[in-house]
Amino acid sequence: MDKKHRRILFSTAYWIIGLFLIFGLPQLWLHIQTRQISYAEFKSMVRQGRVLEVRMSQNEVKGLMFSGPAKDLPAVREHLIQIKRKLSGGEIWGVSGTQTPSLQDLLNKLRATATQKNDIVLFAAVRVKDPKLVEDLDAHGVDYSGVKESMFGQFLWGTLLPIVFWVGLWFLLLKGMGRPGAGLLSIGKSKAKIAMEKDTGVSFEDVAGCDEAKDELEEVVEFMKRPQRYEKLGAKIPKGVLLLGPPGTGKTLLARALAGEAKVSFYSISGSEFVEMFVGVGAARVRDLFTQAKKNAPCIIFIDEIDAIGKFRGGVTPGGHEEREQTLNQLLVEMDGFEPNIGVIILAATNRPEVLDPALLRPGRFDRQVVLDAPDVQGREAILQVHGRNKPLAEDVDLKQIAMRTPGFSGADLANVMNEAALLAAREGMDRITQSILEDAVDKVLTGPERKSRRLGDRERRRVAYHEAGHALVAHESPDAPPVAKISIIPRGRAALGYTLQLPVEEQYLMTKTEILDKICVSLGGRCAEKLIFGEVSSGAQNDLEMATEMAKSMVCRFGMSDDVGPMALTRETSSFLKLQGMEQQKEPMSPELSAKVDKEISRILNEQETRATQILEKNRHHLERVAEKLLADEVMSAEEFNKIINGNGGN
Ligand code: ADP
Ligand code: MG
Ligand code: ZN
């Protein structure tokens, strides 16, 4: 439906409703209230003295009457006289020039004061020729007056003003319909809800640790600001930029920063909003969106979480997706359709690029892809600095060290750490954030809050202490495992009943075979310690076991680290940083012989490492016991304390 039709339809509906409201409703209301009686009935009521007030017009008598018990009549009449006296300002009716009160008025006032309110009735009767009417009325003391039809005042208040108001509103709404992105009625219109931000208040300075991505986007800012420079050289400005990366790495933040830097209009919409707004109402809306954008060029359209619309077309999901497909198709067509250099750039973000339709990714659409990965140690330090900017940090704070402690943290995690630290400091009543507070905050973000309420019994606490001490000792004795940084047996939210934290000396991107073997050995260390001390293992080692098995499997199937199986990748990975939880990695078809061999290799690796861990613990049993006892006493142990015990100068 085009604009003109929509307006006409709107106006018609508007006026039908309006005329009814102005004329129909008051009439209807009066009609419902009025009791229609015959003229004879009216006369008989007059004779019984039940008629209180009468208004006569050319063809109708209207009035108030009392239908209750006769004994109440005098009281009601008295009320009416009081009311009229009040209305005329104490004067006798009519003398002071006050206007005749309407029946409706009198009725309302009577009902408000008299006790017999439900017996006071508004009536109407069709007039017949009756010369004696006035005489009769006089005889029974009924106050009467004639009514000139449609008095000016009534007309003004009851009709003219509502009409004027209604016309005014109509103009306003109609004007609003024409203006994009404004007006009350633009709800159904696509462009309406897409929020336009002139200034997002975020700049590139607020984004840290992803310099390559920032460089790419800075170039985009340049395009928008000085397109001629690029046009001169015959370069095409990219139409679409796709930001990829795991959750919390700052994709949304970066997009907002880009808008802040480019100082152009920034239309932001999330994929799910897009679906809500466009899918099911037709692809025309998408066209609208682009028409708008072109009119407002230069501008940036940002579609966050684009995977909601850009999912692979066809394929697995059966039925019900046709609409979404059409919307996606329209998006593709639009992206192809506009000229490259008109100054509209589409920015999109997703953390699931593997589900995106390949058509979206081909050149000419989202041909720039900017990957945001989890930050490295320098990046983490920079992000911590950004988020520590307006927080009071104590002298002893060493953000570099915190960055070292947080491998694998995303920008959002780090922002969370700084915030948790501020909260913790406030809770402790301190006015600065100290290093130890920051470390506590890291622990909290890493493993959830301490669960003070979960008190373990003595036997279980002993078991946990030995289990963790076992991990720590094996880690210490394995040359290629990262050193122990902290041991704790305080139960924590997500994590188990205790944990041993190992931290690499420097950022690592690769793992050698020995390092993986050491890691398996350390995972099994807790279990082995339990077996050694208590004679049997417990269910607490389940997680360790899963991790060890997973690593052994990866060694054999993905990294080709088993001599028996040889250099063969038996599992195919889709993308390195986006393993979907609960999604099986795709398996290569495997012959039964090969499969048996793989199983044998995995169990060989695990058994070997278990034996090795047990040997280490047996050899260092006195250390194991000392670490565990100290843990039972203190609950947490730092790296220094641990090393002191191991190196023999902690106690004797
Ligand atoms: P996503 O990639 O999931 O869209 P967001 O951009 O929403 O992540 O990031 C969430 C929050 O994490 C941001 O508001 C910001 O506070 C913080 N953050 C993430 N990455 C960075 C970064 N590189 N620099 C500074 N803060 C960051
Ligand atoms: Mg986001
Ligand atoms: Zn464990």
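Please read these numbers as outputs of a predicted model, since none were measured by experiment.

Reading guide: rules and limits
Sequence order as written defines the numbering, with residues in each chain counted from 1. The naming scheme follows written order: chains are lettered A onward, ligands numbered 1 onward. Confidence filtering applies because this is a predicted model: local features only for residues at pLDDT of at least 70, side-chain atom pairs given and counted only at 80 or more, and all residues used for totals across whole chains, interfaces and linings. Water and hydrogen atoms play no part in the side-chain values, which are based on all heavy atoms of the structure. Strands here are runs of E lasting at least two residues and helices are runs of H or I lasting at least four, both read from the DSSP assignment and numbered beginning at the N terminus. The span one expects for a helix is its residue count, reduced by one, times 1.5 Å. Three labels apply to residues, based on accessible area from a 1.4 Å probe with only protein chains included: buried if under 20% of the type maximum, exposed if over 50%, partly exposed otherwise in between. Throughout, the arc means that of the directions going from the helix axis to the C-beta atoms. Metal donors: N, O and S atoms at distances within 2.8 Å, or within 3.2 Å for Na, K and Ca, with water omitted from the atom set so that some sites may seem incomplete. We define a salt bridge as a contact between a side-chain nitrogen of Lys or Arg and a carboxyl oxygen of Asp or Glu at a distance within 4 Å.

(A) Structural view of helix α8 (residues 211-225). Helix length check: α8, at 15 residues, gives a terminal C-alpha distance of 21 Å against a target of 21 Å (1.5 Å per residue), a fit within 8%. Three or more residues of α8 are buried, namely Ala213, Lys214, Leu217, Val220, Val221, Phe223 and Met224. Down the axis of α8, the buried side of the element spans an arc of 165°, and every buried residue falls inside it.

(B) Here's a closer look at the coordination of the zinc ion (ligand 3). For the zinc ion (ligand 3), the full set of protein donor atoms is His467 (NE2), His471 (NE2) and Asp544 (OD), at a range of 2.0 Å. Within one chain, the residues serving as donors to the zinc ion (ligand 3) are arranged as H-x3-H-x72-D. Of this pair, His467 and His471 both sit in helix α20 (residues 458-477), four residues apart, roughly one helical turn.

(C) Summary view of the pattern of salt bridges. Throughout the structure, instances matching the rule amount to 25 salt bridges. We note a salt bridge from Asp443 to Arg405, for which the minimum N-O separation is 3.7 Å. Of this pair, Asp443 sits in helix α19 (residues 435-447) while Arg405 sits in helix α17 (residues 399-405); the two residues are 38 residues apart in sequence, bridging distant segments of the chain. Arg405 matches Asp443 in its accessibility class, with the two residues each being buried. We note a salt bridge from Glu635 to Arg461, for which the minimum N-O separation is 3.7 Å. One end of the pair, Glu635, is in the loop between α24 (621-634) and β16 (636-638); the other, Arg461, is in helix α20, with 174 residues separating them in the sequence. Relative accessible area serves as the criterion here: at 17%, Arg461 is assigned to the buried category. The network of salt bridges with common partners includes Lys43, Arg47, Asp130 and Asp136.

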